[in-house]
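# Overview (structure and organization)
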Amino acid sequence: MPGVSADAAEATLVEWAVAAGDSVTRGDVIATVETDKAVVDIEAEASGTLLKTFAVAGESVAIGGPIAVLVSEDDAGRDEAELLAELGLGPQAAGPLDAVDEERSQDTLVPGARPPIEHTSDEVVEPGGQPGEGRRVFATPLVRRLAAEAGVALEELTGTGPNGRIRRRDLEAALAERPSGPAGDAAAAPAAAPAEAGAQAQAATTATARSAQPSAAGYTDVPATRFRRAVAAALTASKQTVPHFYLKASCRVDELLRLREVVNAGGGPKVTINDFVVKAAAAAMLRVPEMNVVWTGDAVRRFESADVAVAMATERGLMTPVVRSVGSRSLTDVSAAIKDLAARASAGSLKQQELEGGSLTISNLGMYGVEEFAAIINPPHVGILAVGAVVPQAFEAADGGLELGRCLTVVLSVDHRPVDGALAAQWLQHLKSLLENPITILA
């Protein structure tokens, strides 16, 4: 199990993309795993054959623990027991995935699922049939949870995985074909009495709130997801253990807005104000390399490349994928990279390395009309830049009078352990200069 994120001690195997005996090529996705931060694909580090698996869907494995053995062509013909013995993985290890799944009830892999999963039986008996005459249905725990939330019976789905195992893409395909709206949801529900059918339709249209049960006291408790609990724990620890200090700057961005219009008039992909901010932040990092650092506990680690994380709101919660080498990339390239990361963050298909590294986070709430805010540092980053909305403001004109301009307010939260106030102020001064003279960002 690879280290998917810097602070994760374990990860949960969601599903295998290949089965024991399959050949894979370097870079092929072999499994999907989930941490408190994201669901990511694990790629094969070398070409070969998947000899044996040691973890099943839904199982949590410590980082560095064995989940499978991949053998090269040279070792493909060797005795399996001999190979495992050399690796210290004797016969006590679990068998291949399919064999283990045949004996293991999938119901136990989704503890505390809400709402309760009604269609979890491995054996589905057709109406009028007898136990033992049905077919077995296999699905990953993630699919069982998502199906329960969407009000979909697993026996209605066709699986494309090994032994007909239902995967997330099978459920998503079924939901895409489902008619939208209450009427369509009711039609998709199993035949039932009118009152029951109505309840099922209503539940389907409120799938996102199924787990929230209103109380007689007039409030609703929505159970926190694993991801939300992890975010809460990380930010609480950050606020309690990282000494924050804050610096604010107001930037006149009339020239930036005009330059953005010129860039977007070219007909290519549109760039955003946030793209300019990310690019400017990286340029400021290169101008003030003492800010391009993180605190390790006993040292200040300084980076050569300006890698910037961008906070993104997804259905699972806040995620911060990292854009690499921003300082050496063009504005349009950075914009395309951010759009790609955002799309894959929403789809839950980010790669493990895309969630690691960087020294600064950009959090932009300007699109919601928020003019100014202060954000909590995302460990182990040295700081987080909170970006507000562009608003009209009076500025001093060249003749000493007043003139109306466009203002962007940014608030920098800084970790005081590796960086002092004067250094952070110097960095913010460079950022302000870059945003107010945006042609220098493109240089």
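Just so you know, these numbers come straight off a predicted model, no measurement behind them. Starting afresh in each chain, residues are numbered from 1 along the sequence in its written order. Under the rules for a predicted model, residues below a pLDDT of 70 receive no local features and side-chain atom pairs below 80 are neither given nor counted, while totals for whole chains, interfaces and linings still include all residues. Values shown for side chains rest on all heavy atoms present in the structure; no hydrogens or waters enter the calculation.

## Some points on the overall build of the chain
The way it works is that DSSP assigns letters per residue, a run of H or I at least four long becomes a helix, a run of E at least two long becomes a strand, and they are numbered from the N terminus. Counting secondary structure elements, the chain contains 11 helices and 22 strands. Type-normalised accessible area, obtained with a 1.4 Å probe on protein chains alone, sets the label of each residue: buried when under 20%, exposed when over 50%, and partly exposed for intermediate values. Here the chain, with 443 residues, has 43% of them falling under the buried criterion. For the chain, restricting intrachain contacts to residue pairs at least 6 apart in sequence, the fraction spanning at least 24 positions comes to 60%. What sets the accessible areas is the Shrake-Rupley method with a 1.4 Å probe; for residues, cover comes only from the shown protein chains. On the chain, roughly 22,000 Å² of surface is accessible, and the fraction owed to carbon and sulfur atoms is 53%. Residue contacts are counted whenever heavy atoms from the two residues lie within 4.5 Å of one another.

## Things to note about helix H4 (residues 168–177)
Burial in H4 covers these residues: Arg-168, Asp-170 and Leu-171. With its buried residues spanning 160° around the axis, H4 presents them on a single face. Exposed positions of H4 whose direction lies more than 90 degrees from the buried face are Ala-176 and Glu-177. Arc definition: directions from the helix axis to the C-beta atoms.

## With respect to the pattern of salt bridges
Criterion for a salt bridge: a side-chain nitrogen of Lys or Arg within 4 Å of a carboxyl oxygen of Asp or Glu. A full pass over the atoms with the stated rule returns 14 salt bridges. The partner of Lys-248 in a salt bridge is Glu-372, with the nearest N and O atoms 3.4 Å apart. Placement of Lys-248 in strand S12 (residues 244–252) and of Glu-372 in the loop between strand S20 (360–364) and strand S21 (383–396) is noted, with a sequence separation of 124 residues between them. Residue Glu-372 is classed as partly exposed on the basis of its relative accessible area, which comes to 44%. The salt bridge partner of Lys-432 is Glu-436, with a shortest N-O separation of 2.9 Å. Remark: Glu-436 and Lys-432 occur in helix H11 (residues 421–436); sequence separation between them is 4 residues, near one turn of the helix. Look at Lys-432 and you get partly exposed, because its relative accessible area is 27%. Connected via shared salt-bridge partners are Arg-252, Asp-254 and Glu-403.

## Brief notes about the sheet that holds strand S18 (residues 322–323)
Paired strands, in this sense, are two strands between which DSSP finds at least two bridges. Spatially, S12-S22-S21-S20-S15-S18 is the arrangement adopted by the 6 strands of the open sheet, whose pairing is mixed. Unpaired on one side and paired on the other, S12 and S18 mark the two borders of the sheet. Angles here are taken between N-to-C directions and fall from 0 to 180 degrees, while the axes themselves are lines fitted to C-alpha atoms, restricted in helices to the stretch in contact. Each of S12, S20, S21 and strand S22 (402–415) touches H11; the most contacted strand, S12, lies at about 20° to it.

## Comments concerning the packing of helix H9 (residues 273–287) against helix H10 (residues 331–347)
With their axes 9 Å apart at the nearest point, H9 and H10 run at an angle of 110° to one another. Here H9 is positioned roughly perpendicular relative to H10, judged by the angle of their axes. Classified by chirality, the crossing of H10 by H9 is right-handed. Residue-level inspection shows Asp-275, Phe-276, Val-278 and Lys-279 of H9 in contact with H10, the latter providing Leu-331, Val-334, Ser-335, Ile-338 and Lys-339. Amino acid classes used here: Ala, Val, Leu, Ile, Met, Phe, Trp, Tyr, Cys and Pro are nonpolar; Asp, Glu, Lys and Arg are charged; the rest, including Gly, are polar. Considered class by class, the residues forming the contact of H9 with H10 number 5 nonpolar, 1 polar and 3 charged. Angle categories are assigned with fixed cut-offs, so that under 35 degrees is roughly parallel, over 145 is roughly antiparallel, 65 to 115 is roughly perpendicular, and the rest are oblique. Each crossing is labelled by how the near helix is turned from the far one, with a counterclockwise turn of less than a right angle marking it left-handed and a clockwise turn marking it right-handed.

## Let's talk about the sheet that holds strand S5 (residues 48–53)
Judged by pairing direction, the sheet is antiparallel, and its 3 strands sit side by side in the order S2-S5-S7 without closing on themselves. Strand pairing shows two members of the sheet lacking a second neighbour, strand S2 (23–24) and strand S7 (68–71), which therefore form its edges. Pairing of S2 with S5, which is carried by 2 bridges, proceeds in the antiparallel orientation. Bridge pairing links Ser-23 to Thr-49 in S5.

## Let's talk about the state of the cysteines
Here, the term disulfide refers to a pair of cysteine sulfur atoms separated by no more than 2.5 Å. For the structure on display, the rule yields 0 disulfides. Take Cys-407: it sits in no disulfide, and the sulfur closest to it among the cysteines is that of Cys-251, at 7.0 Å.

## Details of the confidence of the model for the chain
Counting all residues, the mean pLDDT for the chain is 79, and 77% of those residues have values of 70 or more. Per-residue confidence from the predictor is reported as pLDDT, a score between 0 and 100. Scored below 50 in pLDDT, residues 92–134 makes 79 contacts in the model with residues more than four places away or belonging to other chains. A low-confidence stretch, residues 181–211 stays under pLDDT 50, and its non-local contacts, those more than four residues away or across chains, total 29 contacts.

## Focus: the packing of H9 against H11
One way to put it is that H9 packs onto H11 with a least axis distance of 9 Å and a crossing angle of 135°. With respect to H11, the axis of H9 lies oblique. Regarding H9 and H11, the two cross each other, and that crossing is right-handed. Judged by residue contacts, Phe-276, Val-277, Ala-280, Ala-281, Ala-283, Ala-284, Met-285 and Arg-287 of H9 engage Trp-427, His-430, Leu-431, Leu-434 and Leu-435 from H11.

## Observations regarding the nonpolar core
Among the nonpolar cores identified, the biggest contains 72 residues, and Met-291, Leu-385, Trp-427 and Leu-431 are the most heavily contacted of them. It is H9 that provides the largest number of residues to this core, a total of 9 residues. Every residue in contact with Trp-427, bar those within four places of it in the chain, is listed here: Ala-281, Ala-284, Met-285, Val-288, Met-291, Leu-360, Leu-385 and Leu-412. The next biggest cluster of nonpolar side chains, apart from the first, holds 9 residues, and it includes Ala-147, Ala-150, Ile-166 and Leu-171. Side-chain atoms within 4.5 Å are what join buried Ala, Val, Leu, Ile, Met, Phe, Trp, Tyr and Cys residues into a set we call a nonpolar core.

## As for unusual backbone geometry
Cis geometry marks the peptide bond from Pro-379 to Pro-380, where omega comes out at 5°. Positive phi values are uncommon outside glycine, yet Ser-325 reaches one of about 50°. With respect to the secondary-structure elements, Ser-325 resides in the loop between S18 and H10. Residue Ser-325 is classed as partly exposed on the basis of its relative accessible area of 28%.

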